[in-house]
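Spelled out, the chains give:
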Amino acid sequence: MAMTSHRNPSFPKSKAAFRFIRIMRRLRRRTAVLPISHRYHVIRAAAYTSMAYAAGPRRAWSRALLGMNNKRRKTSTSHGENPRSSLGCHFEAEEHLRDLVPGGSDMDSASLLDEAGHYIECLKAQIEIMKKILLGYS
């Protein structure tokens, strides 16, 4: 029985790779004069932006990375308090996950887990893309 790895069909790697390379080509001239610490931030931002665009606006984490979710803020209760705190459901692990997933602070628990799973798959794909790009240049 052949073992297949779990792949995320909704994340087109080639689209993310193409966008990342295109952004890096545009930034090449500007980043040549920047110190390495600044170049790291520019490259990281380009990688996250290309990953978020490839995932599309249907995912909350990609909207959060692209700053698209500012219009869609939810009001939690009529008194303005967080429903998770009123229920006493503040689990430490869930709060850490909310900090890791872009836009996680505005999600309920089920949505947070779904978005975290998709975000992890996209990060794995991004790592594969970066490795292939690195191998192509070496």
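Residues numbered from 1 in each chain as written. Predicted model: local features only at pLDDT ≥ 70, side-chain atom pairs only at ≥ 80, totals over all residues. Heavy atoms only, no water.

Draft legend 1. Region of the structure containing the overall build of the protein. Of the regular secondary structure elements, the protein holds six helices and zero strands. If you list the helices and strands of the protein from N to C, you get α-α-α-α-α-α. Among the 138 residues that make up the protein, the fraction classed as buried is 29%. Summarising the internal contacts of the protein: among those between residues at least 6 apart in sequence, 53% fall at separations of at least 24. (Helix = DSSP H or I, 4+ residues; strand = E, 2+ residues; numbered from the N terminus. Buried < 20%, exposed > 50% of the residue type's maximum accessible area, 1.4 Å probe, protein only. Contact = heavy atoms within 4.5 Å.)

Draft legend 2. Region of interest: the confidence of the model for the protein. In this model, the protein carries a mean pLDDT of 76, and residues with pLDDT of at least 70 account for 73%. The least confident element of the protein is helix 4 (residues 83-87), whose mean pLDDT is 49; the most confident is helix 6 (residues 109-137), at 90. Under a pLDDT of 50 for its full length, residues 1-6 has, in the predicted model, one contact with residues more than four places off or in other chains. Residue range residues 69-80 is modelled with pLDDT below 50. Its contacts to residues more than four positions away, or to other chains, number ten contacts. (pLDDT = per-residue confidence, 0-100.)

Draft legend 3. Structural view of the packing of helix 2 (residues 36-55) against helix 6. Contact pair helix 2 / helix 6: the axes reach a minimum separation of 11 Å and the direction vectors enclose 125°. Between helix 2 and helix 6, the angle falls in the class oblique. As for how helix 2 packs across helix 6, the hand of that crossing is right-handed. Of helix 6, the residues touching helix 2 (which contributes Ala47, Tyr48, Met51 and Ala55) are His118, Tyr119, Cys122, Leu123, Gln126 and Met130. Considering only residue class, the contact of helix 2 with helix 6 consists of eight nonpolar, two polar and no charged. (Axes fitted to C-alpha atoms, helices over the stretch in contact; angles between N-to-C directions. Parallel < 35°, antiparallel > 145°, perpendicular 65-115°, else oblique. Left-handed = near helix turned anticlockwise from the far one by under 90°. Nonpolar A, V, L, I, M, F, W, Y, C, P; charged D, E, K, R; others polar.)

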